[in-house]
Amino acid sequence: MPRFHPLEVTEVRRETRDAVVVTLKPQDAGAFAFTQGQYLTFRREFDGEELRRSYSICAGLDEGCLRVGIKRVDGGAFSTWANEELKPGDMLEAMTPQGRFFTALDPATAKSYLGFAGGSGITPVLSIIKTVLSREPASTFTLVYANRQVGSIMFREELEDLKNTYLGRFSVVHILESEGQEIDLFTGRIDADKMEMLFRMWIDAETVDTAFICGPEPMMLTIADSLRKHGLSDDQIKFELFASSQPGRAKKRAVSQQAVNAANSCEVSVTLDGATRSFRMPKDGTSVLDAAIDHDMDAPYSCKAGVCSTCRAKVLEGEVEMEVNHALEDYEVRAGYVLSCQCIPLSDKLVLSYDE
Amino acid sequence: MTNDAAAMPIAEYLAQGGKLTSPENVPPRYRGELLRLMSSFVDSELAGSAGFAAAINWAPGIKERIAASRITLEKADHAERVLDLMQGFGTDKALYNQAHDWAARVSRDDRIDPRRQGGDMRLSVFYYPLTGWTDAVVMNVLMGMATLHALTEMQRSSYQPLAEVMRDLLPRERRHMELGQEGLERLARSDRDGVRASVAYWMPRVAETFGPAQSERFEKQRGMGLRHTDNETLRQSWRAQAGSVLTALGLD
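Cut-offs used in this document
- Residues numbered from 1 in each chain as written.
- Chains lettered and ligands numbered in written order.
- Predicted model: local features only at pLDDT ≥ 70, side-chain atom pairs only at ≥ 80, totals over all residues.
- Heavy atoms only, no water.
- Helix = DSSP H or I, 4+ residues; strand = E, 2+ residues; numbered from the N terminus.
- Buried < 20%, exposed > 50% of the residue type's maximum accessible area, 1.4 Å probe, protein only.
- Contact = heavy atoms within 4.5 Å.
- Areas by Shrake-Rupley, 256 points an atom, 1.4 Å probe, with all protein chains shown as cover.
- Lys, Arg positive; Asp, Glu negative; His and termini not counted.
- Charge placed at Lys NZ, Arg CZ, Asp CG, Glu CD.
- Domains from an automatic or database assignment.
- Buried area = accessible area lost by both parts, 1.4 Å probe.
- Salt bridge = Lys/Arg side-chain N within 4 Å of Asp/Glu carboxyl O.
- Pairing = 2+ DSSP bridges.
- Axes fitted to C-alpha atoms, helices over the stretch in contact; angles between N-to-C directions.
- Polar contact = N/O pair within 3.5 Å; in protein donor to acceptor, adjacent residues only side chain to side chain.
- Core = buried A, V, L, I, M, F, W, Y, C linked by side-chain atoms within 4.5 Å.
- Expected span 1.5 Å × (residues − 1).
- Bend = angle between axes of the 7 residues up to and from the residue.
- Parallel < 35°, antiparallel > 145°, perpendicular 65-115°, else oblique.
- Left-handed = near helix turned anticlockwise from the far one by under 90°.

An unreviewed UniProt entry annotates chain B as 1,2-phenylacetyl-CoA epoxidase, catalytic subunit of Paracoccus homiensis.

The name recorded for chain A in an unreviewed UniProt entry is Ring-1,2-phenylacetyl-CoA epoxidase subunit PaaE, from Paracoccus homiensis.

Put into structure tokens, the structure is as follows:
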């Protein structure tokens, strides 16, 4: 079960108008040893509800600090708070570093890396760049970095410094959407044509060992597609998805005010893959999952022992009791999530969804 | 990872070959199907390892004993690697291992539904008991080839961490199958009738593990990028491969 640890904010640096870089000092430094390209998941309560947000570490392994970049998202509670109110001395809670957006380091190797970053997608890529340049003295890195305009480029100066420090081993191609530059290549969005131009003029696909991509979904698809066309295989292309599936704000759990009574059956309505089916089930200890399966619903499950969490669903209305729960965390339970294999209805009406 | 609003619907992203990269960015139904696939793999490896443990003591020589030990060990290790991924979704790893009796088997002549049994998601083939060394070797070769097909399929998974683990496991699972093939070549000379009987027993049971030719689940998982090649195509490809191995040994 993942655990949260306290970290002290030691610095909040404004990086752009919409982004801050936050330096953190964990109380348990050993627990926060990270690998380049990993992220931290923070939790904080907003209006009595816990929100969890993940932000990539932007520090390299040899910088001796833990640092994340947080770009403000419209309507995003956590990112807005971090950009407007977070200050040195504040305490945050985060899980230990997670993620697999990296390749193994080898000081003896001379690899050619390619990175594509869109907007704040630069954060994990920057961590990788700094780390491979310092740990693999013979490797080179080319970064293609897409932004709206000059003012929104995160880590612009830091990237310039890296170019100077690692002369000849690191190059950056900036692509700006809305500011005309001298050459066509550097203006607009990264699309298939732009990728072709990059391959013609800047990047020798044959020599690339690994490509890292982090940015908006359409950009990642375009780039991956183009990389494959130029001969890179799937195991040479590392994605880091930009977005989280979690909505910007956790919704309040809908709890029926209807009193629980002693009737011995329950009217259940289950939503799965957009389709809702209603049926009556006995309140005799049968789980909602088994009842749904009995009614020919292809509900997801595996262990049926409250351990694996495959059968997770959300109660939208009504009350249930979970007999065993070894897989869901408190905040998930508070948000209405249940393990449907362990879920016995208490109320006479129950509305449950596997789609949320 | 930055928690920006998604720039395109995740279903569309997946349909176009996009990859998901962590438990934080999988949507609910994808999560369900992914965990289902992973736990079926974990349960099959654990049950396979538990079943093969007996083969260590049936082994006719030291080389075979080492091969059987290695297969038993590495299948448990492969289960753990995928269980580690499941842990990121909340799965309790320690309890998971204790949730079922991985060595449990039905009797040799029972027929069981190839669909999943209860909460133990192992493939049905792992419910049938092995009867001795020849039987273990034949099962290992036929199921080993099926496993390679399944792993090749999973290394294209849209869940990038799973695809990466599968790429690491593939050469070792291939080695398991090859170890079996080496054993089978010897047995084809020394215990021809035994091999034939075991092939007849295991062929239909392994064939079933690919699932029904028409499968709604496959279509659903294909839409999510979790699967790519349909059950029947995989089964025919396996059948052809198994056929050519058996033909080469004069066993067809």
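From this point on, the discussion continues.
Peer 1: Please explain the overall build of chain A as it appears in this structure.
Peer 2: The number of helices and strands found in chain A is 7 helices and 18 strands. Considering only C-alpha atoms, chain A reaches an extent of 75 × 50 × 40 Å along its principal axes. Here chain A, with 356 residues, has 54% of them falling under the buried criterion. Long-range pairs, those at least 24 residues apart, make up 66% of the contacts in chain A between residues at least 6 apart in sequence. Carbon and sulfur atoms make up 46% of the accessible area of chain A, which totals about 15,200 Å². Placing the 39 positive and 54 negative side-chain charges of chain A at their respective mean positions leaves the two points 3 Å apart.

Peer 1: Got a minute to help me understand the domain arrangement of chain A in this structure?
Peer 2: In many analyses, interface size is given as the accessible surface area lost on bringing the parts together. All names here are of chain A. In terms of domain boundaries, chain A breaks down into domain 1 (4–95), domain 2 (112–241) and domain 3 (265–353). On a C-alpha basis, the centres of domain 1 and domain 2 stand 24 Å from each other. Facing 19 residues of domain 1, the contacting portion of domain 2 comprises 18 residues. Contact between domain 1 and domain 2 buries roughly 1,400 Å² in total, counting both sides, with carbon and sulfur atoms accounting for 54%. With a closest N to O distance of 2.7 Å, Arg-135 and Asp-62 form a salt bridge. When contributions to the side of domain 1 that touches domain 2 are tallied by element, the ones reaching two or more residues are strand E1 (4–16), strand E2 (19–26) and strand E5 (66–71). Counting residues per element, the side of domain 1 that touches domain 2 draws most heavily on E1, which supplies 3 residues.

Peer 1: Honestly, the sheet that holds strand E3 (residues 39–46) of chain A in this entry has me stumped. Any pointers?
Peer 2: Strands belonging to one sheet form pairs held by backbone hydrogen bonds; the direction of such a pair is parallel or antiparallel. Residues and elements named next belong to chain A. Taken together, 6 strands build an open sheet; the order of strands is E4-E3-E6-E1-E2-E5 and the sheet is antiparallel. Taken across any chain shown, the strands that pair with only one partner, and hence form the sheet edges, are strand E4 (49–56) and E5. Taking the axes of each pair of neighbouring strands and ignoring which way they run, one obtains an average angle of 40° across the sheet. For E1 and strand E6 (residues 91–95), the ladder comprises 5 bridges, and the chain directions are antiparallel.

Peer 1: Honestly, the interface of chain A and chain B in this entry has me stumped. Any pointers?
Peer 2: Residue-level contacts link 52 residues of chain A with 52 residues of chain B. In terms of surface lost to chain B, no three residues of chain A exceed A:Arg100, A:Leu221 and A:Leu241, which account for 14% of the buried area on that side. Seen at the junction of chain A and chain B, the total is 7 salt bridges. For B:Lys220, the salt bridge is made with A:Asp273, and the minimal N-O distance between the two is 3.1 Å. Here chain A is connected to chain B by 16 residue pairs in polar contact (both at pLDDT 80 or more).

Peer 1: Looking at this structure, I do not really get the side chain of B:Thr147. What am I missing?
Peer 2: Along the chain, the position of B:Thr147 falls in helix H5 (residues 133–154). If near-sequence neighbours (up to four positions away) are discounted, B:Thr147 is found in contact with B:Glu45 and B:Glu173.

Peer 1: Quick question: what am I supposed to make of the pattern of salt bridges here?
Peer 2: Oppositely charged side chains are able to pair whenever their charged atoms sit close together. Scanning all chains against the criterion turns up 45 salt bridges over all chains. In this structure, A:Lys130 and A:Glu63 form a salt bridge, with 2.9 Å as the shortest nitrogen-oxygen distance. Of this pair, A:Lys130 sits in helix H2 (residues 122–135) while A:Glu63 sits in the loop between E4 and E5, and the two are 67 residues apart along the sequence. Of the charged contacts, one joins B:Arg108 and B:Asp135 as a salt bridge, the two residues approaching to 2.6 Å between their closest N and O atoms. Of the two residues, B:Arg108 is situated in the loop between helix H4 (93–98) and H5 and B:Asp135 in helix H5; the sequence distance between them amounts to 27 residues.

Peer 1: Would you mind going over the nonpolar core with me for this structure?
Peer 2: If you look at soluble globular proteins, the nonpolar side chains tend to sit buried side by side. Membership of the largest hydrophobic core comes to 60 residues, with the highest contact counts inside it found for A:Phe116, A:Leu227, B:Tyr30, B:Met38, B:Tyr96 and B:Leu162. Among the elements that take part in this core, helix H2 (residues 28–58) of chain B stands out by supplying 8 residues, more than any other. A domain split of this core shows at least three residues from each of domain 2 (112–241) and domain 3 (265–353) of chain A. If near-sequence neighbours (up to four positions away) are discounted, B:Met38 is found in contact with B:Val82, B:Leu85, B:Met86, B:Phe89 and B:Leu162.

Peer 1: Can you walk me through the sheet that holds strand E10 (residues 210–215) of chain A in this structure?
Peer 2: Residues and elements named next belong to chain A. Sheet architecture is open: 5 strands sit in the order E9-E8-E7-E10-E11, paired in parallel fashion. Edge positions in the sheet fall to strand E9 (170–176) and strand E11 (237–241), since each of these pairs with one other strand and no more. Strand-to-strand twist in this sheet, taken as the mean axis angle between neighbours without regard to direction, amounts to 15°. Both E10 and E11 contribute to a ladder of 5 bridges, which runs parallel. Note that in E11 the partner of Gly-215 across the bridge is Leu-241. Strands strand E7 (112–118), strand E8 (140–147) and E9 of the sheet are contacted by helix H4 (residues 192–201), whose axis makes an angle of about 150° with E9.

Peer 1: Would you mind going over helix H7 (residues 192–208) of chain B with me for this structure?
Peer 2: Each turn of an α-helix holds 3.6 residues, which means side chains three or four residues apart point in the same direction. Residues and elements named next belong to chain B. Here H7 contains 17 residues, and its C-alpha end-to-end distance of 25 Å stays within 8% of the 24 Å for a straight helix at 1.5 Å per residue. The sharpest bend along H7 comes to roughly 30°, located at Trp-202, with the proline Pro-204 sitting one to four residues further on. The secondary structure elements touched by the buried residues of H7 are H5, helix H6 (160–190) and helix H9 (231–248).

Peer 1: Just checking my understanding: could you explain the pairing of strand E13 (residues 275–282) of chain A for this structure?
Peer 2: Remark: a regular strand shows side chains that alternate across the two faces of the sheet. Residue and element names in this part refer to chain A. Relative to E13, strand E12 (residues 265–272) runs antiparallel, the two being bridged by 8 bridges. Looking across to E13, one finds that Cys-266 is bridged to Met-281. Linking E12 back to E13 in an antiparallel pair, the connection comprises 2 residues, with Asp-273 at a positive phi of about 50°.

Peer 1: Would you mind showing me how to read unusual backbone geometry here?
Peer 2: Generally, phi is negative for residues other than glycine and the peptide bonds are trans, each holding for most cases. A positive phi angle, near 50°, is found at A:Asp273, a position not held by glycine. On the accessibility criterion, A:Asp273 (38% relative accessible area) is partly exposed.

Peer 1: I keep staring at the packing of H2(B) against H5(B) and nothing clicks. Help me out?
Peer 2: When two helices pack together, you describe them by how their axes are tilted relative to each other and by the distance separating the axes. Residues and elements named next belong to chain B. Interaxial distance between H2 and H5 falls to 11 Å at its minimum, and their mutual angle equals 155°. In terms of their interaxial angle, H2 and H5 are classed as roughly antiparallel. With respect to the hand of their crossing, H2 and H5 are arranged in left-handed fashion. Packed against H2, whose contacting residues are Phe-41, Glu-45, Phe-52, Ala-55 and Trp-58, the element H5 presents Trp-133, Ala-136, Asn-140, Thr-147, Leu-151 and Met-154 at the interface.

Peer 1: Would you mind showing me how to read the environment of A:Phe116 here?
Peer 2: All names here are of chain A. In this fold, Phe-116 is placed in strand E7. Looking at Phe-116, the relative accessible area reads 0%, which means it is buried. For Phe-116 and Glu-50, which are 66 residues apart along the polypeptide, the C-alpha to C-alpha distance reads 33 Å. The residues contacting Phe-116, other than those within four sequence positions of it, are Val-125, Val-144, Met-195, Leu-198, Ile-203, Phe-212, Ile-213, Cys-214, Met-219, Ile-223 and Leu-227.

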